[in-house]
Amino acid sequence: MHGVNLSVIPELEGGPRELGADSNLDGMRNLFPLSDSSVFGAGKNPADLRILMRKLAARINREKVNDPEPEDNPNIPSGYTYLLQLITHDMVNTSISLAATQGRRFGFQNTRQQPLTLDTIYGGGPDISPHAYEYSRVCMQSRGFMPRTKLRCGRAQTRSGSTANTPFADVGRAMPVDVRDDGLANPGGAPRCLRTEALIADARNEDQALIAQMTLLFHRMHNFILDQIDSVLPPSTAPDAYRNFICARFVLTLIYRKIIIKDVLYQLLDSSVYRYYFLPEINPGNLLSDDAAEFGKIPVEFSHGAFRCGHAMFRDTYVVKDALDEPLDAGRAMQFNSRRSPGFVPLTEDWIVNWERFFKVNGHEPVNHSRRLLPHFSSLAKSGFYFAPMMPNRDGRGDIAGLPNRDLVSSVFARVWSVPKLIDKLRLRSAEKGTELSNFLPMYDEHISGLTEWLKKTADPGGISEQFTDDDIAAIVQDPPLPFFVLYEAKKKHHGLRLGPLGSIIIAETVVGAMLKYPLMVADSEFNPLRELKAQLGPLQRLGAPAAAISKIPEIVTFDDLLTFMKSNGILEPRSDEHPPQ
């Protein structure tokens, strides 16, 4: 969960008594306009549905993975788990958790106004988010009239806690000075030195060590691109500096969008769905949702449904540096967080990631693969220490610990489409538009038998885990929660190697809609993430990017390409000197 919990505000107590559609989603939307009869849990009391979600979470927690579905997913290396998390942060930034507030929407808003433009890295830019940017010598000498343009990198620490001469291999972190924070007080002595502030644009990007390392990678790549531009067009005025900064951001965002389409979604989505939406190019006419004015708003079926699939990808251990190293406990990665545990940061040197262990770099297979996309979660994802129940289970009315229960409860209060009704709607829209999409999206009835069997599979009336009644199973089969069904569909269709048709369609519709609503443009020239970078040199030059600088960046299609390029230019290597390679 990110954000504050408003569930204790008196005027908000009580919550909805019956689930229905909600037209006010504050910066978000439904994939299609939603009627009361088509919402998940339509007409049911949310408190009763929450109990059912707890029982389903208990069933998910009982799931065991056996051949032919081992835990590892050879199709998706583990690095994509954290790249997907960063992409999520770049599309959704809500101020409260609907699971925590039981659907009370006071203060709920998606503040990510331009999705998929790397706002999660850049924030509002140097003037709005200055803490994320280096305070350079030029900025100091100009008394701040020259803007900060490079993103911050910070030192790691040794196991003994020293940062002396350690590499700049973490995001920047800082301690507040001369403030009234009583958490920093040290009776009888100087205030404690705790780095409680992460110097990044989006605080969620240091939730744990591996997402912080992913964020650092984007900081380094931005700084490298900016160095190339500055070396050709040295900025002597503030407008010059802003021009170079904007050019660097455009180039990195263009690369990022291409990686999302050509690499991330290619590996994650059902192949037929991917081909329909992205080959040979993006065709706006293929979208099943027609309201282009709403495309910039993220569907709750994406944020509280299909894209929660990433939670099933988290592993319990990772080999972080050398291939022969002992795997590190992923729970330790959760300790590196300035907000939760400032005494543990900055990162220790054993958590400085060698990305060859997480992606396929230079043709080398990674050691770490993500977990398969199944209704089965790692021990860490089910941990009560890190993911305590949103509502303690008292008198049978609360939750159990873990991300599975949180995701299920969130889908209750987000007012997402009912799965059977959404499948019917998509198939109807496909037929109305004369598209092939309905050919590979089966009718919901085809899932009933298998889903019933799965729900009954681990029944143990004498076990300590909460069990279903026959009525519970019938209720879930009639109307399964979306985040669960997306994983179940991936299991049945692709053995968890990639998503099934419904989850893939929701994600494709969301990503294509967001990119169409917020294209990368210079005047009337639009950048196409599917075209080669050098083929778009004209618009980049009109933006102010020099051809000599852009020519140093090869065609980057996959994240492996990006890492290979960064490695060949020394950008990935942790350095302890003040100035990174130019």
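This text follows the structure it describes.
Below or above, wherever it landed, is the structure these notes cover. Quick caveat, the model's predicted, so the values are computed rather than measured. (Residues numbered from 1 in each chain as written. Predicted model: local features only at pLDDT ≥ 70, side-chain atom pairs only at ≥ 80, totals over all residues. Heavy atoms only, no water.)

1. As for helix α11 (residues 403–413)
Here is step 1 of the chain: Within α11, 11 of the 11 residues are buried, which leaves the element mostly enclosed by the surrounding structure.
Here is step 2 of the chain: A positive backbone phi angle near 60° is found at Arg 415, which sits one or two residues after α11. (Buried < 20%, exposed > 50% of the residue type's maximum accessible area, 1.4 Å probe, protein only. Helix = DSSP H or I, 4+ residues; strand = E, 2+ residues; numbered from the N terminus.)

2. Brief notes about the nonpolar core
In summary, soluble globular proteins display a tendency toward joint burial of nonpolar side chains.
Here is step 1 of the chain: Membership of the largest hydrophobic core comes to 152 residues, with the highest contact counts inside it found for Met 214, Phe 218, Tyr 277, Leu 455, Leu 502, Ile 507 and Phe 559.
Here is step 2 of the chain: Per-element accounting of this core gives the leading share, 15 residues, to helix α7 (residues 238–268).
Here is step 3 of the chain: Residues contacting Leu 455, with those up to four places away along its chain left out, are Leu 56, Arg 59, Phe 468, Ile 473, Ile 476, Val 477 and Phe 484.
Here is step 4 of the chain: Residues Val 171, Ile 200, Ala 212 and Leu 216 belong to the second largest nonpolar core, which totals 5 residues. (Core = buried A, V, L, I, M, F, W, Y, C linked by side-chain atoms within 4.5 Å. Contact = heavy atoms within 4.5 Å.)

3. Regarding the state of the cysteines
Here is step 1 of the chain: Considering all chains together, one arrives at 0 disulfides under this definition.
Here is step 2 of the chain: You can see Cys 139 has no disulfide; the closest cysteine sulfur is in Cys 153, sitting 17 Å from it.
Here is step 3 of the chain: We classify Cys 139 as buried; its relative accessible area is 4%. (Disulfide = S-S within 2.5 Å.)

4. Observations regarding the environment of Ser 142
Here is step 1 of the chain: As for its position among the elements, Ser 142 is in the loop between α5 (137–141) and β3 (173–174).
Here is step 2 of the chain: Residues Ser 142 and Ala 238, spaced 96 residues apart in sequence, show a C-alpha to C-alpha distance of 9.7 Å.

5. Concerning the packing of helix α8 (residues 271–278) against helix α16 (residues 501–517)
Here is step 1 of the chain: Interhelical geometry of α8 versus α16 gives an angle of 25° and a closest axis separation of 9 Å. Judged on the interaxial angle alone, α16 and α8 are roughly parallel. The two elements α8 and α16 meet at a crossing, and its hand is right-handed. Two secondary-structure elements touch here, α8 through Val 273, Tyr 277 and Phe 278 and α16 through Pro 501, Ser 504, Ile 505, Ala 508, Glu 509 and Val 512. (Axes fitted to C-alpha atoms, helices over the stretch in contact; angles between N-to-C directions. Parallel < 35°, antiparallel > 145°, perpendicular 65-115°, else oblique. Left-handed = near helix turned anticlockwise from the far one by under 90°.)

6. Brief notes about the packing of aromatic side chains
Here is step 1 of the chain: Inspection of the entire model under this criterion finds 25 aromatic pairs.
Here is step 2 of the chain: An aromatic cluster is defined as three or more aromatic residues linked by ring pairs; in this entry it consists of Tyr 80, Tyr 82, Phe 218, Tyr 256, Phe 314, Tyr 318, Trp 355, Phe 358, Phe 359 and Phe 559.
Here is step 3 of the chain: Sitting over the face of the ring of Trp 454, Arg 59 holds its NZ or CZ atom 3.6 Å from the ring centroid.
Here is step 4 of the chain: Seen from the ring of Phe 32, Lys 425 lies directly overhead, with NZ or CZ sitting 5.6 Å from the centre. (Phe/Tyr/Trp six-rings, centres within 6.5 Å; stacked < 30°, edge-to-face > 60°. Lys NZ or Arg CZ within 6 Å of the ring centre and 35° of its normal.)

7. Notes on unusual backbone geometry
Here is step 1 of the chain: Here the amide bond leading from Leu 279 into Pro 280 is cis, since omega sits at -5°, within 30 degrees of zero.
Here is step 2 of the chain: Relative to the elements of secondary structure, Pro 280 occurs in the loop between α8 and β5 (298–299).
Here is step 3 of the chain: With an omega of 5°, the peptide bond between Val 345 and Pro 346 qualifies as cis.
Here is step 4 of the chain: Positive phi outside glycine occurs at Leu 118, with the angle close to 60°.
Here is step 5 of the chain: Considering the arrangement of structural elements, one finds Leu 118 in the loop between α3 (98–101) and α4 (119–122).
Here is step 6 of the chain: Of note in this structure, Asp 178 is not a glycine but carries a positive phi near 55°.
Here is step 7 of the chain: In this structure, Asp 178 sits in the loop between β3 and β4 (197–198).
Here is step 8 of the chain: The exposure class assigned to Asp 178 is exposed, which follows from its relative accessible area of 79%.

8. Notes on the packing of helix α6 (residues 209–232) against α7
Here is step 1 of the chain: Where α6 meets α7, the closest approach of the two axes is 9 Å, and the angle between their N-to-C directions is 130°. Accordingly, the angle class assigned to the pair α6 and α7 is oblique. Seen along the crossing, α6 lies across α7 with a hand that is right-handed. Here Phe 218, Met 221, His 222, Ile 225, Leu 226, Ile 229 and Asp 230 of α6 come into contact with α7, specifically with Asn 244, Phe 245, Cys 247, Ala 248, Arg 249, Val 251, Leu 252 and Tyr 256.
Here is step 2 of the chain: When grouped by side-chain class, the residues that make up the contact of α6 with α7 number 11 nonpolar, 2 polar and 2 charged. (Nonpolar A, V, L, I, M, F, W, Y, C, P; charged D, E, K, R; others polar.)

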